[in-house]
Amino acid sequence: MTELVKDLPEIFDDFAEARQNAFLSVKELKDKGIPLVGAYCTYFPAEVAWASGASTVALCSTSDETIEEAERDLPTNLCPLIKSSYGFAKTNKCPFFYFSDVVVGETTCDGKKKMYELMNDIKPVYIMHLPQTQNARALQYWKDEVIDFRKYLEDKFNTEITDENLRNWAKIGNDIRDAQKNLADTMELDPAPMSGLDFFHVTYGSTFKMDKKAIADEINAIAKKVRDEYDPSTREKKPRIIVTGCPMGGATEKVINAIENNGGVVVSFENCSGEKNFDNNIDLEAEDINEAIASRYLDIGCSVMTPDTNRLKLLSKLIDKYKADGVLEMDLVSCHPYIVERETIKRFVTEEKGIPYMFVETDFSKSDIGQLNTRIAAFIEML
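Computed from a predicted model, the values in this text were never measured in an experiment.

1. Digging into the sheet that holds strand β3 (residues 102-106)
- Read from one edge of the open sheet, 4 strands run β2-β1-β3-β4, paired in parallel fashion. A strand with exactly one partner marks an edge of an open sheet, and here the two such strands are β2 (55-58) and β4 (125-128). Pairs of neighbouring strands in the sheet enclose a mean axial angle of 30 degrees, with direction left out of account.
- In terms of strand pairing, strand β1 (residues 36-39) meets β2 through 4 bridges, oriented parallel.

Following this line, the structure appears as structure tokens:
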């Protein structure tokens, strides 16, 4: 941790260790009879689950611990995120998966949707069929999926999800996203007020907080502490990097470390673990709350969409907002949507935004840490 973060409230450490602490929190939920809904994607409309009386948790696994077992059923040349997620379910080593009353999958990519068919033999998986374009017809389709999911949870948990309750939880979801954005805004300061890894631990850790109503206040408290204690004379100016590409967490924190151990600082994460997850809110004044929820989630920029214009719009905004010196794309091996879109991102960053770009392709092993450090150090030195 940075020197500044050592002085932050104990609550910061809670976020940094949220995944480990959540194991106990989940057990407490189950003892109280509160349902748990586990999901794998940023497109998952969590507010619908909250309105049903359930809590939610992220299920994506980011460790190579169970990949060998997963490869008994899955091809070796498959995305490590898919293999890891399946492996933890198969080996029963993920308590979040074990305790989930509902597991929600989504049809973002071919590898995940076929993996869910195998996972369904371990525990039933509710599939939300995501359209892969962003227009009026797609919105109507996704709205129908949201409504179907709402009805499914009502039947599953023998409850009624009223529009009023859904709006109330949508407000809580907006508050969480606003708080995450509030903390992200502190990274506009130059020199940066904390490391990108510390910032990442808060945003990523929030997905493992079971008390959703408390998250916004906790994050806003951290943001206030960061601003109140900021002293630029104690901070070192470093090349400012934006990370884009595949979801991060766990093993792939090695990329963040490689940037920040070699003289750079990550000022923003465009990916699922960062700003794309809290850039837009639900329109609470919309006449149709189902459509408002569907619209907010469908607008998320991701390489599974074609054309993926919203990813470019967000990346452009972040480059300008954080005065980025360079963009680093981290793609997971065999993640075809992101790997194929890489050339589009490279051209956009270098030609339209006029700043340097590099990519790294990795998995969840430790075998490439030395190579990552060498390559990323050269990139930062160039900046």
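That covers the picture; the talk isn't over yet.
2. Notes on the pairing of strand β8 (residues 357-362)
- Across 6 bridges, the pairing between strand β7 (residues 326-332) and β8 is parallel. Considered in β8, the bridge of L332 is made with T362.
- Regarding the hand of the β-α-β motif, the stretch spanning β7, helix α16 (residues 336-352) and β8 is right-handed.

3. A word on the packing of aromatic side chains
- Per the counting criterion, the structure on display carries 11 aromatic pairs.
- Residues W50 and W169 carry aromatic rings whose centres are separated by 5.8 Å and whose planes lie at 55 degrees to one another, so their mutual orientation is tilted. In this pair, W50 sits in helix α4 (residues 46-51) while W169 sits in helix α10 (residues 163-185), placing the two residues 119 residues apart along the sequence. For the pair formed by W50 and W169, the shared burial category is buried.
- Among the aromatic residues, those joined into a ring-pair cluster are F96, F199, F200, Y204, F208 and F269.
- Between K123 and the ring centre of F97, over which it is positioned, the NZ or CZ distance is 5.2 Å.
- Above the plane of the ring of F359 lies R342, whose end atom (NZ or CZ) is 3.8 Å from the centre.

4. A few points about the packing of helix α11 (residues 196-205) against helix α13 (residues 253-260)
- At a minimum axis separation of 9 Å, α11 and α13 run at an interaxial angle of 155 degrees. When the axis of α11 is compared with that of α13, the two are roughly antiparallel. Here G196, L197, F200 and H201 of α11 come into contact with α13, specifically with E253, I256, N257 and E260.
- In terms of residue class, the contact of α11 with α13 is built from 3 nonpolar, 3 polar and 2 charged.

5. Observations concerning the packing of α10 against helix α12 (residues 212-228)
- With their axes 8 Å apart at the nearest point, α10 and α12 run at an angle of 20 degrees to one another. The orientation of α10 with respect to α12, classified from their angle, is roughly parallel. For the pair α10 and α12, the crossing hand works out as left-handed. Contacts from W169, I172, D175, I176, A179, Q180, N182, L183 and D185 in α10 reach K212, K213, I215, A216, I219, N220, I222, A223, V226 and R227 in α12.
- Residue composition of the contact of α10 with α12, grouped by class: 11 nonpolar, 3 polar and 5 charged.

Conventions adopted
Residues numbered from 1 in each chain as written. Predicted model: local features only at pLDDT ≥ 70, side-chain atom pairs only at ≥ 80, totals over all residues. Heavy atoms only, no water. Pairing = 2+ DSSP bridges. Helix = DSSP H or I, 4+ residues; strand = E, 2+ residues; numbered from the N terminus. Axes fitted to C-alpha atoms, helices over the stretch in contact; angles between N-to-C directions. Right-handed = clockwise from strand over helix to strand, strands pointing away. Phe/Tyr/Trp six-rings, centres within 6.5 Å; stacked < 30°, edge-to-face > 60°. Buried < 20%, exposed > 50% of the residue type's maximum accessible area, 1.4 Å probe, protein only. Lys NZ or Arg CZ within 6 Å of the ring centre and 35° of its normal. Parallel < 35°, antiparallel > 145°, perpendicular 65-115°, else oblique. Contact = heavy atoms within 4.5 Å. Nonpolar A, V, L, I, M, F, W, Y, C, P; charged D, E, K, R; others polar. Left-handed = near helix turned anticlockwise from the far one by under 90°.

Spatial relationships are all this shows, so hold off on functional conclusions.
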